[in-house]
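Each chain is listed here by its residues.
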Amino acid sequence: MKKKIIFILALSLAVSPAWAQKKAKNPKNIILMVGDGMGVSQIYAGMTGNFGQLNLERMPVVGFHKNQASNSFVVDSAAGATAFSCGVKTYNGAIGVDAAGNPVPTILEIAEENGLSTGLIATCSITHATPASFISHQPSRSLDEDIAKDFLATDIDVFIGGGRKFFANRKDGLNLIDSLRSRNYQIANSIEEVQQVKNGKLAAFLAEEQQARVSEGRGDELVNSTEVGLQLLQTNKKGMFLMIEGSQIDWGGHGNNTQYIVEEMIDFDKAIGRVLDFAEKDGNTLVIITADHETGGFSVNKGDTKTGMVEGKFTTGSHTGVMIPVFAYGPGSEKFAGFYENTEIFHKMVEAFGFKK
């Protein structure tokens, strides 16, 4: 009987992920992945279009967040991301400020203060609403040049996205790319240049403003950027905070374009796969995957997992107010089950890191 018990125990350890075996109290790393505009139907459309499977299915914990803004039942990306980054409800369009317009420390800034490495990766301008909300404090998401200037007020280690013009071709005549170089950032202007960077700080601009669709020239930029970001940030023994956005799922919803949604969802899922591979090997990384809101009032009316065919319908060209799923993996992941406000994602991350508020 004793031999059988020992065998069963050994087998369970062999199949348990590294984080479950270590039973780490607090994760060293947190990677937050945001599929902008990604509701349940977008996920299932991507799954169907990818012949019935996604890496997202590897996530063992699922919850839902309620995402209303302080001034609207339907939230935008700025207020939605600020809820994640700062833990406050705010008005639509707000970047890193509360409903009264007061700056609030972000999880990225708090991670920096605690000696962690930090990074932002997006498939849109790096000054766009979601990434901006983790590093900037502005009254409006439309202030791209002011948001770009806020990047120099932090010590972020890696950022990769579009938006070169907001740093280099500015109305005030400043060249923030030169300022970044003087702060020891390596500047990359293509994914090939990004992949050549093996250590140090990186500022990468993959488009003058917004990147192309994945099917119209962007290709594997997101998954390759993710790999480089992980490589550069993991060298810090204290840990890292990294936010990765699959930005254009939202744009497919705004355009009522089912194929656009499917392509961008599958692309985002490739990055999810790389992040989960890293987390499984590392054993001390908490991965959280969610969205700021749903876009398009999208439904999946027909599909075929054998051919990847998806037929969708839409109720709007804008956002909706439905609850959004939250997926979690790694030490502390159990805290993300259940139903809660979107602001709780910030508080749960702070608690998972063990930071004092």
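Look a little higher up for the structure.
Our subject in this report is the structure included herewith. The structure presented is a predicted model; accordingly, all values stated were derived computationally and were not measured. (Residues numbered from 1 in each chain as written. Predicted model: local features only at pLDDT ≥ 70, side-chain atom pairs only at ≥ 80, totals over all residues. Heavy atoms only, no water.)

### Thoughts on the nonpolar core
Right, so step 1: Ranked by size, the top nonpolar core spans 51 residues in total, and within it Leu120, Phe134, Phe159, Phe167 and Phe241 carry the most contacts.
Right, so step 2: With six residues, helix α14 (residues 344–353) is the largest single contributor of residues to this core.
Right, so step 3: For phenylalanine 167, the residues in contact, after removing those within four places along its chain, are Ile126, Thr127, Ala148, Phe151, Phe159, Leu174, Asn175, Leu176, Ile177, Leu180 and Phe205.
Right, so step 4: By size, the runner-up hydrophobic cluster in this structure holds 47 residues, among which are Leu232, Ile261, Val262 and Ala291. (Core = buried A, V, L, I, M, F, W, Y, C linked by side-chain atoms within 4.5 Å. Buried < 20%, exposed > 50% of the residue type's maximum accessible area, 1.4 Å probe, protein only. Helix = DSSP H or I, 4+ residues; strand = E, 2+ residues; numbered from the N terminus. Contact = heavy atoms within 4.5 Å.)

### What to know about the packing of helix α4 (residues 77–86) against α14
Right, so step 1: Running from N to C, α4 and α14 point in directions that differ by 25°, and their axes come no closer than 5 Å. Judged by the angle between their axes, α4 and α14 are roughly parallel. α14 is crossed by α4, and the crossing has right-handed handedness. Note on element contacts: α14 touches α4 through Ile345, Phe346 and Met349, opposite Ala83, Phe84, Ser85 and Cys86. (Axes fitted to C-alpha atoms, helices over the stretch in contact; angles between N-to-C directions. Parallel < 35°, antiparallel > 145°, perpendicular 65-115°, else oblique. Left-handed = near helix turned anticlockwise from the far one by under 90°.)

### Structural notes on the sheet that holds strand β14 (residues 338–341)
Right, so step 1: Overall, mixed pairing links the ten strands, which are arranged β5-β6-β4-β3-β7-β1-β8-β13-β2-β14 in an open sheet. Each edge of the sheet is formed by a strand with only one pairing partner; in this case those strands are β5 (185–188) and β14. Strand-to-strand twist in this sheet, taken as the mean axis angle between neighbours without regard to direction, amounts to 15°.
Right, so step 2: Sheet analysis places strand β2 (residues 61–66) next to strand β13 (residues 324–329), joined by five bridges and oriented antiparallel. For valine 61, the partnering residue across the bridge sits in β13 and is alanine 328. (Pairing = 2+ DSSP bridges.)

### Let's talk about the packing of helix α3 (residues 40–49) against helix α13 (residues 258–282)
Right, so step 1: Packing of α3 against α13 brings their axes to within 8 Å, and their N-to-C directions diverge by 80°. As judged from the angle between their axes, α3 and α13 are roughly perpendicular. Contact with α3, carried on its side by Gln42, Ile43, Ala45, Gly46 and Gly49, involves Ile261, Val262, Met265 and Ile266 of α13 and no other residues of that element.

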